[in-house]
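Take a look at the letters that make up each chain.
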Amino acid sequence: MPFYHRLGDIPHKRHTQFRKADGGLYAEQVVSTEGFSDDYSLVYHHYPPTLVKSIGEPYSVAPEAAIEHNMQHRSFQGFAVKPEKDYLKSRKTVMFNNDVAIILAAPQESMTTYFFKNSGADEMIFVHEGEGVLKTMYGLLDFKPGDHLIVPRAVIYQLHFKTSANRLLIMESYSPIRFPKRYMSNNGQLLEHSPFYERDIRVPRTLETHDEEGDFLVYIKRDHMMFPYHYATHPFDLVGWDGYHYPYALSIHDFEPITGRVHQPPTVHQTFEGRNYVTCAFVPRLYDYHPEAIPAPYHHSNVDSDEVLYYVDGEFMSRKHVERGQLTLHPTGLPHGPHPGAVEKSIGKKETNELAVMIDTFKPLKITKAALNIEDQDYYLSWLND
Ligand SMILES: [Fe+2]
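Quick caveat: nothing in here was measured; it's all calculated off a predicted structure. (Residues numbered from 1 in each chain as written. Predicted model: local features only at pLDDT ≥ 70, side-chain atom pairs only at ≥ 80, totals over all residues. Heavy atoms only, no water.)

(A) Representation of the overall build of the chain. Secondary structure summary: the chain contains three helices and 31 strands in total. The C-alpha atoms of the chain give 22 Å as radius of gyration, which agrees with the globular expectation for 386 residues (21 Å, within 12%). When its C-alpha atoms are laid out on the principal axes, the chain stretches across 75 × 45 × 35 Å. Counting every position in the chain, which comprises 386 residues, the buried fraction comes to 53%. Residue pairs at least 24 apart in sequence account for 76% of intrachain contacts in the chain once pairs closer than 6 positions are excluded. About 18,000 Å² of surface is accessible on the chain, with carbon and sulfur atoms providing 50% of the total. Positive and negative side-chain charges of the chain, numbering 38 and 50 respectively, have mean locations separated by a distance of 1 Å. (Helix = DSSP H or I, 4+ residues; strand = E, 2+ residues; numbered from the N terminus. Rg over C-alpha atoms; globule rule 2.2 N^0.38 Å. Buried < 20%, exposed > 50% of the residue type's maximum accessible area, 1.4 Å probe, protein only. Contact = heavy atoms within 4.5 Å. Areas by Shrake-Rupley, 256 points an atom, 1.4 Å probe, with all protein chains shown as cover. Lys, Arg positive; Asp, Glu negative; His and termini not counted. Charge placed at Lys NZ, Arg CZ, Asp CG, Glu CD.)

(B) Quick peek at the coordination of the iron ion. Around the iron ion, the protein contributes the donor atoms His 300 (NE2), Glu 307 (OE), Glu 307 (OE) and His 336 (NE2), at 2.0 to 2.5 Å from the metal centre. Here the iron ion is ringed by four donor atoms whose angles at the metal span 56 to 152°, and the overall shape comes out irregular. Positions of the donor residues of the iron ion along the chain correspond to the pattern H-x6-E-x28-H. (Donors = N, O, S within 2.8 Å, 3.2 Å for Na, K, Ca; no water. Tetrahedral: all angles 85-135°; square planar, octahedral: opposite > 155°, others 65-115°.)

(C) Representation of the sheet that holds strand S1 (residues 5–8). The strand order across the open sheet built from four strands is S1-S20-S3-S2, with neighbouring strands paired in antiparallel fashion. The sheet is open, and its two edges are formed by S1 and strand S2 (27–32), each paired on a single side. Along the sheet, successive strands turn relative to each other by an average axial angle of 15°, direction set aside. Two elements, strand S3 (residues 40–45) and strand S20 (residues 238–243), share five bridges in a ladder whose sense is antiparallel. (Pairing = 2+ DSSP bridges. Axes fitted to C-alpha atoms, helices over the stretch in contact; angles between N-to-C directions.)

(D) Up close: the sheet that holds strand S30 (residues 355–361). The antiparallel open sheet is built from six strands, whose spatial order is S7-S27-S26-S30-S23-S22. Sheet topology places strand S7 (74–77) and strand S22 (270–274) at the edges, where each strand pairs with a single neighbour. Pairwise comparison of adjacent strand axes, ignoring direction, gives a mean angle of 15° for this sheet. Where strand S26 (residues 306–313) and S30 come together, seven bridges link them in antiparallel fashion. Along S30, the bridge assignment pairs Glu 307 with Asp 360.

(E) Spatial organisation of the packing of aromatic side chains. A full pass over the atoms with the stated rule returns 17 aromatic pairs. On the numbers, 5.4 Å between centres and 90° between planes, the contact of Phe 18 with Tyr 44 is edge-to-face. With Phe 18 in the loop between S1 and S2 and Tyr 44 in strand S3, this residue pair connects regions lying 26 residues apart in the sequence. The residues Phe 18 and Tyr 44 share a single accessibility class, namely buried. Members of the aromatic cluster, joined through ring pairs, are Phe 179, Tyr 183, Phe 196, Tyr 248, Phe 255 and Phe 272. Lying across the ring of Tyr 47, Lys 20 places its NZ or CZ 5.5 Å from the centre. (Phe/Tyr/Trp six-rings, centres within 6.5 Å; stacked < 30°, edge-to-face > 60°. Lys NZ or Arg CZ within 6 Å of the ring centre and 35° of its normal.)

(F) The nonpolar core, seen in detail. Ranked by size, the top nonpolar core spans 84 residues in total, and within it Tyr 87, Met 95, Ile 125, Leu 149, Leu 159 and Leu 168 carry the most contacts. Not counting the four nearest positions on each side in its chain, Met 95 is found in contact with Phe 76, Ala 101, Ile 102, Val 308, Leu 327, Leu 329, Leu 365, Lys 366 and Ile 367. Ranked by size, the runner-up nonpolar core spans seven residues in total, among them Cys 280, Leu 309, Phe 316 and Ala 356. (Core = buried A, V, L, I, M, F, W, Y, C linked by side-chain atoms within 4.5 Å.)

Here's what the structure looks like:
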């Protein structure tokens, strides 16, 4: 979680009477994580958050593994995923394990008739294409291409797009998404060597309070099941809140790259981490400046991680043909490295304009049918020829 933030009206002391103009009490809620042992927020509703009217029939949204045991380098064309009007239907899981699910989505329409709450996972929504507003009870958060939107579990949200051509890379994390521990001071401040700082973190600044009664449909996801819940009051009915638990945004364009005389390891590109995975951002940067440096990466064995790279923009120094939205998977147990010619070609180059997001999982990923539908089948042979 980023840092302490407050918005709207809150009482002077927690857990004390906080009354509306008509004398009635606002409903206080403690939104706590890891039981009551980690970060939390104190929020103040117009109505109690418990007014359930009815529950629809739950249905499964569990991803199915087409390849349970993958031992092959693979590549997928993410932009071949067909756009769909509805946000929830547009989410296509392409890879998953017990720690994360990697999802591609091209939703065309805003969420106006329902809300969504992922109760089983924090979400990182990387906005590749599209602009709009993430609406939650904590307020409004504008987004644009390059943003990582971090939505902690159990935050009810709506995505409102200004655009119809939207491309999202979504990671469900079944553990809290955090900044890397080594970036943080004992008190939770981002340290000087971190490639981003609190100023780069965008938090909700505008509260939109809906003092409304009616019928409000919230799809709640947990255990790969979707539970349609109908509430009697609008989920975004807060007059104020404070704490550490809320959604926020970090733009990949605000990530300051760390460079060196020789090739820097992937760890300098890290953005977030969770249980059994890390994420990284590869951004435009100057190349290594040792007179004999080789800017292209060395071959490497991911002895303990499946490496998923999502190509956002620019040209990739290590790969031959890369499309925007392409995903590569280099699994645990196999070495991989630059494509033929890429090493020589990189020598003497001064800078790169590559932009990509990486998700490295420490346990193998399973691959879905949705992924196989967009696979470049000969990718594993692509190191053979110039
Ligand atoms: Fe790699």
